[in-house]
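Examining the three-dimensional arrangement
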Amino acid sequence: MSTTAMRAGKRLAELLPQRGDWAAARRNPRRDLVAGLTVAVVALPLALAFGVTSGLGAQAGLVTAVVAGAVAAVFGGSNLQVSGPTGAMTVVLVPVVARFGATGVLMVGAMAGLVLIALALARLGRYIRYLPTPVVEGFTAGIAVVIALQQVPAALGVADATGEKVWAVAGDAAVRFAAHPRPQPLAVALGVAAVMLLGARWRPKLPFSLIAVLAATMLAELAPLRLTRIGALPAGLPTPSLDFVDLHAVGMLLPSALAVAALAALESLLSATVADAMSVNDQHDPDRELFGQGLANLAAPVFGGIPATAAIARTAVNVRAGAGSKLAALTHAVALAVIVLAAAPLVSRIPLAALAGVLLATTVRMVEASSLLAVVRATRRDALVLALTFAVTVAMDLVTAVAVGLGAAVVLALRAVARTARLQQMSLEPGDHSAAEQALIAEHIVAYRLDGPLFFAAAHHFLLELTEVADVRVVILRMSRVSTVDVTGAQVLGDAITRLQRRGITVLLSGITPGHEQVLTAVGVAEQLRRDGRVFPDTPSAIAYARDHLPTNAAEGPETREPAGRSVAG
């Protein structure tokens, strides 16, 4: 067996379940069982609602919660994580359903699962959590708005609203509702949302989402309300099937699959981090968590489920209910499977408007006003990235929003870093050198200290500032405080030295650190100066050299003298 195969096998073994994973379940299994049942009660209406919103129906949401929830619990890297369908996923899936149908969603889920497994094998779990906070907050707020807009047709009782974007569909539904108003669905949706939000403030531990949905269902049964219901559900899990789209559609589905994988990775790792903070001694493994989410997204489509990820809300309920091991999340999946098998007829009677109310309340909870205000108040740069990501999420799509947000964050960060680079004329403090040396420097020599990074974003500003020096014979460049140098910065430095030499100005370098020596040598900067003995370990040595070798013809202007040396940039 080759070395590569052996390493891959060893890496895969590290990601598979370990013997000690279930040791915590033996400590207090009763507590874990109660926590799992509690989460199942909370997750049921959410699973139904997200399934309906995705376009594949309520049964798809239930199947996802059961299959993905169980697989992720067994193979994931967190003892407290609870997985299933989420609102962020539906934002990506709705366009896929419109263009490719249900089979397109299945393929997207499977492709995203493979991407997540590849990320886990490559040990990239720890890096995915470094997404900038303004981007995370911006697309989270944008997703909340998109989910809320998706509920407008169901909340208004309009079944035939049309439009290319979610905001267009919501607008069309509002126009149709205004022409033929039906207050019952709107009253049910707003009532369910109000019960959830107010109830959570009054008794946070009670499952008000399920209470509100059951109350709305009973009201719809007892009162003559014209409400659209979920419809018949299968009496059990669907038969496994691999009826995916043709392979030629894989390329068109790849952007959506990458978006789903990115969301699954981000939400799962953020949720696991929150769970660790809420627990006492629990610590998740990010790579194993990605591996578990990848397997979950491979398994769910086989049974007709939609892409899944860990959910912060359900995970938080799990921790607060006393969960201490993977048994709680597994119990949650088993309990939902029992509901699918035993209570399918009752679930089918739930009004769609009630599920719309559940998701409207969920969107309100998704947005933390304090976090948004903190980002907005931090810096104008962070506020701009947040606003841009939010606007693109609502107006276009999540993939474009994340790309635009990341791009803006990188550009603005580089701009901020570039501004830290300074070219500062040194002023010698009394006692550093003799009075004669100070007089010599003031009269004939300019010493510059380069502070901060010398890289592509700051280099050209540096070149412009340096080459504008006038009425000097010697320029000393102190390099000891340069934090980083890239190829562009080194080339621009060489260009600046060449321009100064062409004006007859002698250039000396001091304090080049070993870390920057390689870059400067690779592009030929300072090579000629080093051969001419004009590179010094420190600034006092450079000043002493300038005093001893200063051109004596004071009447000769620097613009008319011959170059002191050849080009150092070439």
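Preceding block: the structure.
Our subject in this report is the structure included herewith. Predicted, not measured: the structure shown is a model, and the values here were computed from it.

1. Focus: the overall build of the protein
A count of helical and extended segments in the protein gives 25 helices and eight strands. For the protein, buried positions account for 50% of its 570 residues. The contacts in the protein between residues at least 6 apart in sequence include a share of 83% that link residues at least 24 apart.

2. Some thoughts on a nonpolar patch on the surface
A cluster of nonpolar side chains, namely L12, L16 and L121, defines an oily patch on the protein surface of about 210 Å² accessible area. Among the secondary structure elements, L121 is positioned in helix α4 (residues 87–121). The class for L121 is partly exposed, based on a relative accessible area of 36%.

3. Thoughts on the pairing of strand β7 (residues 506–510)
Across the five residues of β7, five count as buried, placing the element largely inside the fold. The side-chain alternation of β7 yields two buried faces, one formed by T506, L508 and S510 and the other by V507 and L509. Here strand β5 (residues 474–478) runs beside β7; their pairing, made up of five bridges, is parallel. When the sheet's bridge partners are listed, V475 is paired in β7 with V507. As paired elements, β7 and strand β8 (residues 535–536) share two bridges and run parallel to each other. Paired with S510 across the strands is F536, a residue of β8.

4. Here we look at the packing of aromatic side chains
Under the defined criterion, the tally for this structure stands at two aromatic pairs. For the ring pair W202 and F208, a centre distance of 6.3 Å and an interplane angle of 50° mean the geometry is tilted. Residue class for F208 comes out buried when judged on its relative accessible area of 12%. Between F536 and Y545, the ring centres sit 5.2 Å apart and the planes meet at 50°, which makes this aromatic pair tilted. Y545 shares its class with F536; the two are buried.

5. Things to note about the nonpolar core
Counting residues in each nonpolar core, the largest one holds 80 residues, and the members touching the most others are L48 and V192. Judged by nonpolar contacts, the second largest core, of 27 residues, contains L466, L477, V485 and L500.

6. Digging into the packing of helix α2 (residues 29–54) against α4
The N-to-C vectors of α2 and α4 enclose an angle of 25°; their axes lie 8 Å apart at closest approach. With respect to α4, the element α2 is oriented roughly parallel. Residues F50, T53 and S54 of α2 form the contact with α4, whose own contacting residues are G87, T90, L93, V94 and V97. Counted by class, the contact of α2 with α4 contains four nonpolar, four polar and no charged residues.

7. A look at helix α9 (residues 183–202)
Taking 1.5 Å as the rise per residue, α9 with 20 residues should run 28 Å; its terminal C-alpha atoms sit 28 Å apart, in good agreement. Of the residues making up α9, those classed as buried are P185, V188, A189, V192, A193, M196 and G199. When α9 is viewed along its axis, its buried side chains cluster within an angular range of 145° and face the same direction. Of the residues in α9, the exposed ones pointing more than 90 degrees away from the buried face are P183, A187, L198, R201 and W202. Buried residues belonging to α9 abut α7 (152–156), α10 (208–222) and α16 (352–366).

Definitions and limits used
Residues numbered from 1 in each chain as written. Predicted model: local features only at pLDDT ≥ 70, side-chain atom pairs only at ≥ 80, totals over all residues. Heavy atoms only, no water. Helix = DSSP H or I, 4+ residues; strand = E, 2+ residues; numbered from the N terminus. Buried < 20%, exposed > 50% of the residue type's maximum accessible area, 1.4 Å probe, protein only. Contact = heavy atoms within 4.5 Å. Patch = residues over 30% accessible without salt bridge, like charges linked within 9 Å, V, L, I, M, F, W, Y side chains within 5 Å. Areas by Shrake-Rupley, 256 points an atom, 1.4 Å probe, with all protein chains shown as cover. Salt bridge = Lys/Arg side-chain N within 4 Å of Asp/Glu carboxyl O. Pairing = 2+ DSSP bridges. Phe/Tyr/Trp six-rings, centres within 6.5 Å; stacked < 30°, edge-to-face > 60°. Core = buried A, V, L, I, M, F, W, Y, C linked by side-chain atoms within 4.5 Å. Axes fitted to C-alpha atoms, helices over the stretch in contact; angles between N-to-C directions. Parallel < 35°, antiparallel > 145°, perpendicular 65-115°, else oblique. Nonpolar A, V, L, I, M, F, W, Y, C, P; charged D, E, K, R; others polar. Expected span 1.5 Å × (residues − 1). Arc of directions from axis to C-beta.

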